[in-house]
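# Examining the three-dimensional arrangement
In case you want the letters, here they are:
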There are 2 protein chains.
Amino acid sequence: MKLYSLKGAPNPRRVRIFLAEKRVSLPVEEFELEKGLHRQPDFLKRNPLGLLPVLELDDGRTICESVAICRHFDEMIPEPPLFGRSSRERVDVEMWSRHMEHELLVPMIDVFVHTHPLWAGKRAQIPAYGELRHGQMTERLRWIDEVLKDREFIAGDRYTIADITAQVAVLTGRAVARLEIPDDHTNLARWWKAVSTRPTARA
Amino acid sequence: MKLYSLKGAPNPRRVRIFLAEKRVSLPVEEFELEKGLHRQPDFLKRNPLGLLPVLELDDGRTICESVAICRHFDEMIPEPPLFGRSSRERVDVEMWSRHMEHELLVPMIDVFVHTHPLWAGKRAQIPAYGELRHGQMTERLRWIDEVLKDREFIAGDRYTIADITAQVAVLTGRAVARLEIPDDHTNLARWWKAVSTRPTARA
């Protein structure tokens, strides 16, 4: 079994944090964006979409999508239950995990891809779209600060994959999308301190 | 229990098809985009994001996200298993469901929102972004046609939520994003005929 990852990229990071929380260690091959090797014909046999991460299983099958890779390990190693333990928790985690992805992580990546010089000439950039997404983040960060008013973690009182997604969104925002947690967002800041100091945060 | 839906919108449609496959019938309140009532303070108490669908449970709790609503019913009513039956199926469904969403449904909605006159003056439109997304669909539809070469449904030999998402993406493409299944995409056309003639397709 082997994980193909991409240095500095948000989706592989989600999987690496998830694996660290599950105490799984496995061989990882890191690609680099600059070299573009994951878009070469050899690698496209593994994932025709040319996206990372990709998990290659011992029987040669591949799982080509970050949350599906996490679910694969969750099926094999139930503890800790990062997708929720009870029926109700599983539904809450699904909702918050998807909210964190669609309302936070994807927009942050959009800001990065459409406004950052790193992508100039590599992908079509539409700066006006990046700015639109950047503008939406003010309201979203305030909403998440409110959500965290009466709970410890994003989906309730337990750390789950919803936190991992939000965590990677904040990292992306700070690193490449000109977005920081505003000073008066005290609940969000308290949550960020808790998640970013977990031993798995730098996986 | 009550479902708040939005006439003609893709995400509520996903939930309605899912419920029909599970043979669940429940009261539905349909909003209309033109009236914008789901963005009024009264409704924002149910979902601060102002998005539909929303499921209101008998104890007053709300589930504000389409796939989370589907998962709620899947937890209560296991048959038919639209999220997969075995461990391996659940991982495959997760992967294909997310692929169909990120590679097909979300881009179709982006084309709609950023280029369709319906949204003029209602939301910020960046036509160049809509056109970029429109252009990406040619390659994506060819990829899905290839995926369907040796299997009956998107995630394997069983109809799942991945098909529902793809189905709603094709409907959105045809209705409002100037995208049709090309004539030479015979696998995709065969799949479309199968899913669009299911008794639940018009839910």
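Residues numbered from 1 in each chain as written. Chains lettered and ligands numbered in written order. Predicted model: local features only at pLDDT ≥ 70, side-chain atom pairs only at ≥ 80, totals over all residues. Heavy atoms only, no water.

### Some details on the pairing of strand 2 (residues 28-31) of chain A
Working note: regular strand, side chains alternate between the two faces of the sheet. Residue and element names in this part refer to chain A. As paired elements, strand 1 (residues 2-6) and strand 2 share four bridges and run parallel to each other. Directly across from serine 5, in strand 2, lies its bridge partner glutamate 30. In this fold, the crossover linking strand 1 to strand 2 by way of helix 1 (residues 10-21) has right-handed handedness. (Pairing = 2+ DSSP bridges. Helix = DSSP H or I, 4+ residues; strand = E, 2+ residues; numbered from the N terminus. Right-handed = clockwise from strand over helix to strand, strands pointing away.)

### Quick notes on the confidence of the model for chain A
When pLDDT is averaged along chain A, the result is 95; 100% of the residues meet or exceed 70. Taken together, the chains of this predicted complex give a pTM of 0.96 and an interface ipTM of 0.95. (pLDDT = per-residue confidence, 0-100.)

### Describing unusual backbone geometry
Following Leu52(A), the chain continues into Pro53(A) via a peptide bond in cis, with omega recorded as 5°. Of note in the backbone geometry, Arg23(B) takes a positive phi value of approximately 55° without being a glycine. Along the chain, Arg23(B) falls in the loop between helix 1 (10-21) and strand 2 (28-31). Given the relative accessible area of 79%, Arg23(B) is considered exposed. A positive phi angle, close to 55°, is found at Arg178(B), a residue other than glycine. Relative to the assigned elements, Arg178(B) resides in the loop between helix 6 (161-176) and helix 7 (186-196). (Buried < 20%, exposed > 50% of the residue type's maximum accessible area, 1.4 Å probe, protein only.)

### Observations concerning the relation of the copies chain B and chain A
Under the fitted operation, chain B is carried onto chain A by 0.0 Å of movement along the axis and a turn of 180°, and the coordinates agree to an RMSD of 0.0 Å. Those values place the two copies in the arrangement expected of a two-fold rotation axis. Nearest to the rotation axis, the C-alpha of Tyr129(B) is located 3.4 Å from it, this being the minimum over chain B. A high fraction, 100%, of the interface residues of chain B reappear at the interface in chain A, so the copies pair face to face through one surface. (Least-squares fit on C-alpha atoms with pLDDT ≥ 70 in both. Contact = heavy atoms within 4.5 Å.)

### Concerning helix 7 of chain B
Residue and element names in this part refer to chain B. All of the buried residues in helix 7 are Asn187, Leu188, Trp191, Trp192 and Val195. An end-on view of helix 7 places all buried positions within 135° of arc, on one side of the element. With respect to the buried face of helix 7, the exposed residues turned more than 90 degrees away are Thr186 and Lys193. Considering only its buried residues, helix 7 is in contact with helix 5 (127-147) and helix 6. (Arc of directions from axis to C-beta.)

### Quick look at the interface of chain B and chain A
With 35 residues of chain B in contact, the opposing surface of chain A contributes 36 residues. Between chain B and chain A, a total of about 3200 Å² is buried, with carbon and sulfur atoms accounting for 62% of that surface. Residue Glu101(B) is joined to Arg98(A) by a salt bridge in which the shortest nitrogen-to-oxygen separation is 3.0 Å. Where chain B touches chain A, the interface holds 12 residue pairs in polar contact (both at pLDDT 80 or more). (Buried area = accessible area lost by both parts, 1.4 Å probe. Salt bridge = Lys/Arg side-chain N within 4 Å of Asp/Glu carboxyl O. Polar contact = N/O pair within 3.5 Å; in protein donor to acceptor, adjacent residues only side chain to side chain.)

### A few points about the sheet that holds strand 4 (residues 62-63) of chain B
Residue and element names in this part refer to chain B. The strand order across the open sheet formed by four strands is 2-1-3-4, and the pairing between neighbours is mixed. Lying at the two open borders of the sheet, with one neighbouring strand each, are strand 2 and strand 4. Of the pairings in the sheet, the one linking strand 3 (residues 54-56) to strand 4 comprises two bridges and is antiparallel in character. Following the sheet pairing, leucine 55 is matched in strand 4 by isoleucine 63.

### Considering the packing of aromatic side chains
Aromatic rings in a pair are described by how distant their centres are and how their planes are angled relative to each other. Evaluated as defined, the whole model comprises 17 aromatic pairs over all chains. The interplanar angle of 85° and the centroid separation of 5.9 Å between the aromatic rings of Phe153(A) and Tyr159(A) together place this pair among those described as edge-to-face. Relative accessible area serves as the criterion here: at 6%, Tyr159(A) is assigned to the buried category. Ring centres of Tyr4(B) and Phe31(B) lie 6.0 Å apart, and the angle between their planes is 40°; on these two criteria the pair is classed as tilted. Within this pair, whereas Tyr4(B) is found in strand 1 (residues 2-6), its partner Phe31(B) is found in strand 2, the two being separated by 27 residues in sequence. Considered together, Tyr4(B) and Phe31(B) belong to a single accessibility category, that of buried residues. Through a chain of ring-to-ring contacts, three or more aromatic side chains come together here, namely Tyr4(A), Phe31(A) and Phe43(A). Across from the ring centre of Tyr159(A), 3.6 Å away, lies the NZ or CZ of Arg198(A), which sits over that ring. Directly above the aromatic system of Phe83(B) lies the positively charged group of Arg71(B), at a separation of 4.2 Å from the ring centroid. (Phe/Tyr/Trp six-rings, centres within 6.5 Å; stacked < 30°, edge-to-face > 60°. Lys NZ or Arg CZ within 6 Å of the ring centre and 35° of its normal.)

### Some points on the environment of Ile181(A)
Residue and element names in this part refer to chain A. Tracing the chain through its elements places isoleucine 181 in the loop between helix 6 (161-176) and helix 7 (186-196). Sequence separation between isoleucine 181 and alanine 20 is 161 residues; the distance between their C-alpha atoms is 25 Å. When residues no more than four places from it in sequence are discounted, the contact partners of isoleucine 181 are Val170, Leu188, Ala189 and Trp192.

### Comments concerning the nonpolar core
Core analysis: the biggest nonpolar cluster contains 126 residues, and Trp191(A) and Trp191(B) have the highest contact counts within it. Beyond its immediate chain neighbours, meaning those up to four positions away, Trp191(B) contacts Leu148(B), Glu152(B), Phe153(B), Ile154(B), Asp163(B), Ala166(B), Gln167(B) and Val170(B). (Core = buried A, V, L, I, M, F, W, Y, C linked by side-chain atoms within 4.5 Å.)

### Some details on the sheet that holds strand 3 (residues 54-56) of chain A
Residue and element names in this part refer to chain A. Reading across the sheet, the four strands line up as 2-1-3-4 and stay open at both edges, with mixed pairing between neighbours. Every other strand in the sheet has two partners, leaving strand 2 and strand 4 (62-63) as the edge strands with one partner each. For strand 1 and strand 3, the ladder comprises three bridges, and the chain directions are antiparallel. What sits directly across from lysine 2, in strand 3, is glutamate 56. In the packing of helix 3 (residues 66-76) onto the sheet, the strands contacted are strand 1, strand 3 and strand 4, and the crossing angle to strand 3 comes to about 40°. (Axes fitted to C-alpha atoms, helices over the stretch in contact; angles between N-to-C directions.)

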